[in-house]
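Breakdown of the fold
Each chain is listed here by its residues.
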Amino acid sequence: MKNNSIPSFVTIIFFFLLGWLLLIWTPYLQFGSQKLHEDQESGDLVPRPLSGLAIRGSKIYEENGCATCHTQQARNSNEDKVQGYSKRASVARDFFYQPATFAGMNRFGPDLTNVGSRKKSAEWHHQHLFAPQTLSPGSIMPSYQFLYEKRKIVGQHSGEALKLPSSVLIEEGYEVIPSEQAKALVAYLLSLDQSYSLPESPLIEE
Amino acid sequence: MILSKTDPSYEFLPREGNIKTENEFLTLSFGSLSLLWLLLSGLFLLVESIKLHAPEVFNQLSWLSYGKIHHAAQLSFLGALTQGLLWMGFSFIASAGQLLKRSNSLFFISLSLLNISFIVGIIELLSGNRGHGTLIFPPYSLILFSLGFFFLVPLLWNTLFKIQKLSPSLMFVALSFWTAPFSLATIISLSCGGYLQGAYGAWALAWFSHHFISLFLLPLGIATVLNLAQKYSPKLNQNEASLRFAFWIYTISNLMSSRDLIGTPLPFIPAWLRSIETVGSLFLSFSVLIILHTLFLQLKPLLSDLKKEISFPFFVFATTSLALLGVLKSLLAFQEVNQWVQFSTMTNALQTLLYFGFLMMIFFAWIYHQLPYLLERVWASSSLIQTHFWLSALSTGITILALFVASGLQTYRNATSEIPFLSTVIVIRPLLWIQSLSRVFQFSGALMISFLFLLLLLNWKPNPKNSLFYNPR
């Protein structure tokens, strides 16, 4: 009986290495050679770097598994145009500064590629994280109340206190203050903005 | 009589003595633990589905947010699936006359590390140490899992090299055990070296996910299909050439591409990588369909006999799911088609089809068929086994159907400008309830098989007059 285990092993490892060179090494060289692009209008280099707070926020985004329901990849598809996710498709260079890329596989919630340019108000994001249904009735997004602190009002209201609608029941004499984690998460969400043009994916004007 | 122990074409005949001891050890260790993890994952999946429908429940508990519990449920399910599939792979090697358990301490260390990796992983996920983007294993869990696997590598490789001629079934087992250490080593080095950032990070993680599913889990599932089919029909050896041909197409296409049976393409990667993915996906589906077509032709004349076999419904469900997955995958390999259903519940449907429809079902089929022979004991109740089948089939079937419908609705409505995104979520919500209902069925099924397994280990024998269990040998 002819032994086929050693030749099979050698063939499999040969193709593994070939695949490794093609799919791990070559993309590393290609992705690694990317450079920032100078925006014609503003003269800024794009994509813009993330602030320290936003980088911390990306960790909160990761920890809470936000990528389970939200994608961060806009396409040139009819759906993405209709839903207004982006004026162009996301390309590899857009993720230049991202400590981790949360591409996502499902859209139980909307795509967040450009949420920073669609919803520019930090207040809106805080209210949405604390009580999502007050801004998106019928949404299945869970509340992230554990990122907020309910604090007794001493003297004046805190400037950071959330302005919540009356439908959100908060005990008399108390206010809701965002924690450092909540502030970081909102900073990260506001940093998600691909509304600049890149040569490989220019903005499509309406 | 379907198979005779004296039939020379049956190459996996368990030889009494050592192999029996080996299989008893594997059953008690990997078998018991995989079922324990199955029960745990059933509980996690139930909590996850409650959180999806009632997001306000326990919303003060940071460790119980939907995103965290979802991944914990997936990881615990992987704990069941990985150990179950390893159990089957080891058993095939043992039944081929090679002893794995040369070193009790090595096996004990490996088994402990694998289980500790899943426990640590769940703690990491619930406490927020999620790790890299979309990788299912959190950082420490991945290292522990790899260590657990690496401990077995010298033993597994040495044992596989000793087998003179690998049958198609053992070829798939070998593919899994030979490539997994390299994939694990690659992802750990990339992670420790800080390379998993930006778009490259997403791509490398997709590559690893492809390797973990299509080159580790799936080959063990296909090996089980071939192993069981050979037990149902010893004549399968006559078709070895086509099965070997399918094996090499499967192997080369998977090693040279990077999209598993459920993976969706990353739109932002360069076009040449997307083209490789498309071609690889088509070949992957093609090889799966060749295997299933060969098995169908072989088992067709025996169908009337096989209807009496208690494990056969599980086998049919598993192979049908794999065939459906192959057909869908060849359609979705094209970017133009994929773009329509990408990011919809189609991904969840394909996941259910692969994990519950194929891998879990073939695992159950193997347990129900093989354990009585390996342990020389009898199942306590055939009606419980039949109930388990219907619970599993119903839960998987209705989930897939509901998710397909939801995917169609999402695709149509999200591409229509007059329909707001939120209204689509509200419309598909009842369909997601069906998925929750099926989780209750799945958990009941897991309880049933665990109960039967326990009775089998305790050697409880029913009254032969009342037993409907069919023994094909």
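Residues numbered from 1 in each chain as written. Chains lettered and ligands numbered in written order. Predicted model: local features only at pLDDT ≥ 70, side-chain atom pairs only at ≥ 80, totals over all residues. Heavy atoms only, no water.

1. Observations regarding the overall build of chain A
- Counting its regular elements, chain A contains 7 helices and 4 strands.
- Here chain A has a C-alpha radius of gyration of 23 Å; the compact-globule value for 206 residues is 17 Å, and the former is much larger.
- Reported as C-alpha extents along the three principal axes, the dimensions of chain A are approximately 85 × 55 × 35 Å.
- Once local pairs closer than 6 in sequence are excluded, the contacts in chain A between residues at least 24 apart make up 70%.
- Where the 19 positive side-chain charges of chain A centre and where its 21 negative ones centre are 5 Å apart. (Helix = DSSP H or I, 4+ residues; strand = E, 2+ residues; numbered from the N terminus. Rg over C-alpha atoms; globule rule 2.2 N^0.38 Å. Contact = heavy atoms within 4.5 Å. Lys, Arg positive; Asp, Glu negative; His and termini not counted. Charge placed at Lys NZ, Arg CZ, Asp CG, Glu CD.)

2. Some details on the overall build of chain B
- Tallying secondary structure elements over chain B gives 14 helices and 0 strands in all.
- Classification of the 473 residues of chain B by burial places 64% in the buried group.
- Residue pairs at least 24 apart in sequence account for 83% of intrachain contacts in chain B once pairs closer than 6 positions are excluded.
- Approximately 16300 Å² of chain B is accessible, and the part contributed by carbon and sulfur atoms is 70%. (Buried < 20%, exposed > 50% of the residue type's maximum accessible area, 1.4 Å probe, protein only. Areas by Shrake-Rupley, 256 points an atom, 1.4 Å probe, with all protein chains shown as cover.)

3. Quick notes on a nonpolar patch on the surface
Residue and element names in this part refer to chain B.
- Residues F108, I109, Y140, I143, L147 and F151 make up a contiguous nonpolar surface patch of roughly 570 Å² in combined accessible area.
- Considering each element in turn, the nonpolar patch owes the most residues, 4 residues, to helix α4 (residues 139–162).
- As for its placement among the helices and strands, L147 is situated in helix α4.
- The exposure class assigned to L147 is partly exposed, which follows from its relative accessible area of 38%. (Patch = residues over 30% accessible without salt bridge, like charges linked within 9 Å, V, L, I, M, F, W, Y side chains within 5 Å. Salt bridge = Lys/Arg side-chain N within 4 Å of Asp/Glu carboxyl O.)

4. Quick look at the side chain of H71 of chain B
- Position of H71 of chain B among the secondary structure elements: in helix α2 (residues 66–95).
- Overall, the relative accessible area of 10% leaves H71 of chain B in the buried class.
- In contact with H71 of chain B, other than residues within four places in its own chain, are G65 and T68 of chain A together with L125 and R130 of chain B.

5. So, the interface of chain B and chain A
- Across the contact, 83 residues belong to chain B and 68 residues belong to chain A.
- Taken over both partners, the interface formed by chain B and chain A buries close to 6700 Å², and the fraction arising from carbon and sulfur atoms is 67%.
- Per-residue buried area on chain B facing chain A is highest for F268, F343 and F421 of chain B; these three make up 11% of the total on that side.
- Linking chain B to chain A there are 0 salt bridges.
- Where chain B packs against chain A, one counts 18 residue pairs in polar contact (both at pLDDT 80 or more).
- Considering every element that reaches the side of chain B that touches chain A, the biggest residue donor is helix α5 (residues 168–192) of chain B, with 8 residues.
- Class assignment for the residues of the side of chain B that touches chain A results in 44 nonpolar, 33 polar and 6 charged. (Buried area = accessible area lost by both parts, 1.4 Å probe. Polar contact = N/O pair within 3.5 Å; in protein donor to acceptor, adjacent residues only side chain to side chain. Nonpolar A, V, L, I, M, F, W, Y, C, P; charged D, E, K, R; others polar.)

6. Structural notes on helix α7 (residues 240–255) of chain B
- A rise of 1.5 Å per residue sets the reference length of α7 of chain B, with its 16 residues, at 22 Å; its end C-alpha atoms lie 22 Å apart and thus fit the reference within 8%.
- What α7 of chain B keeps buried is the set E240, L243, R244, A246, F247, I249, Y250, T251, S253, N254 and L255 of chain B.
- Each element contacted by the buried residues of α7 of chain B is listed here: α1 (5–32) of chain A together with α5, α6 (198–232) and α8 (271–299) of chain B. (Expected span 1.5 Å × (residues − 1).)

7. Digging into the pattern of salt bridges
All names here are of chain A.
- Within this structure, the stated rule accounts for 19 salt bridges over all chains.
- One salt bridge in this structure joins D111 and R107, with 3.3 Å as the shortest N-O distance. Neither residue differs from the other here; D111 and R107 are each classed as buried.
- A salt bridge links K163 to E123, with the nearest nitrogen and oxygen atoms 3.8 Å apart. A residue pair is termed long-range when its members are at least 10 positions apart, and K163 in the loop between β3 (148–152) and β4 (174–178) and E123 in helix α5 (residues 122–130) qualify at 40 residues. Taken individually, K163 and E123 each receive the classification exposed, so the pair is uniform in this respect.
- One network of salt bridges, with partners in common, ties together R75, E79, D80, R107 and D111.

8. Side note on the confidence of the model for chain B
Residue and element names in this part refer to chain B.
- Here chain B averages 87 in pLDDT, and 90% of its residues register 70 or above.
- Across residues 1–17, confidence stays below pLDDT 50; counting only partners more than four residues off in sequence or on other chains, it has 46 contacts.
- Contacts for the low-pLDDT stretch residues 464–473, under 50 throughout, to residues beyond four places or in other chains number 25 contacts. (pLDDT = per-residue confidence, 0-100.)

9. A word on the environment of V427 of chain B
All names here are of chain B.
- Note on placement: V427 falls in helix α14 (residues 421–457).
- The sequence separation of V427 and L409 amounts to 18 residues, and the corresponding C-alpha distance is 8.2 Å.
- The contact partners of V427, leaving out residues within four places of it in the chain, are L409 and R413.

10. A few points about the nonpolar core
- Of all hydrophobic cores here, the largest spans 154 residues; its most connected members are F177, F315, L354, Y355 and F358 of chain B.
- Residues within four places of F177 of chain B in sequence aside, it is in contact with L86, G89, F90, I93, F149, L156, W157, L160 and L220 of chain B.
- If you look at the next biggest cluster of nonpolar residues, it comprises 27 residues, including V115, Y144, F146 and V186 of chain A. (Core = buried A, V, L, I, M, F, W, Y, C linked by side-chain atoms within 4.5 Å.)

11. What about the packing of α2 of chain B against α5 of chain B?
All names here are of chain B.
- Orientation of α2 relative to α5, taken along the N-to-C sense of each, is 125°, at an axis distance of 10 Å. Overall, the two elements α2 and α5 adopt an arrangement that is oblique. Crossing of α2 against α5: the hand is left-handed. Two secondary-structure elements touch here, α2 through L86, G89, F90, F92 and I93 and α5 through S169, L170, V173 and F177.
- Considering only residue class, the contact of α2 with α5 consists of 7 nonpolar, 2 polar and no charged. (Axes fitted to C-alpha atoms, helices over the stretch in contact; angles between N-to-C directions. Parallel < 35°, antiparallel > 145°, perpendicular 65-115°, else oblique. Left-handed = near helix turned anticlockwise from the far one by under 90°.)

12. Notes on the side chain of S285 of chain B
- Note on placement: S285 of chain B falls in helix α8.
- Leave out the neighbours within four places in its chain, and S285 of chain B touches G326, K329 and S330 of chain B.

13. Brief notes about the packing of aromatic side chains
- In this structure the tally under the stated criterion is 52 aromatic pairs over all chains.
- Ring centres of F14 of chain A and F15 of chain A lie 5.3 Å apart, and the angle between their planes is 80°; on these two criteria the pair is classed as edge-to-face.
- Looking at F14 of chain A, the relative accessible area reads 46%, which means it is partly exposed.
- What makes F15 of chain A buried here is its relative accessible area of 18%.
- Residues F145 of chain B and F212 of chain B carry aromatic rings whose centres are separated by 6.0 Å and whose planes lie at 65° to one another, so their mutual orientation is edge-to-face. (Phe/Tyr/Trp six-rings, centres within 6.5 Å; stacked < 30°, edge-to-face > 60°.)

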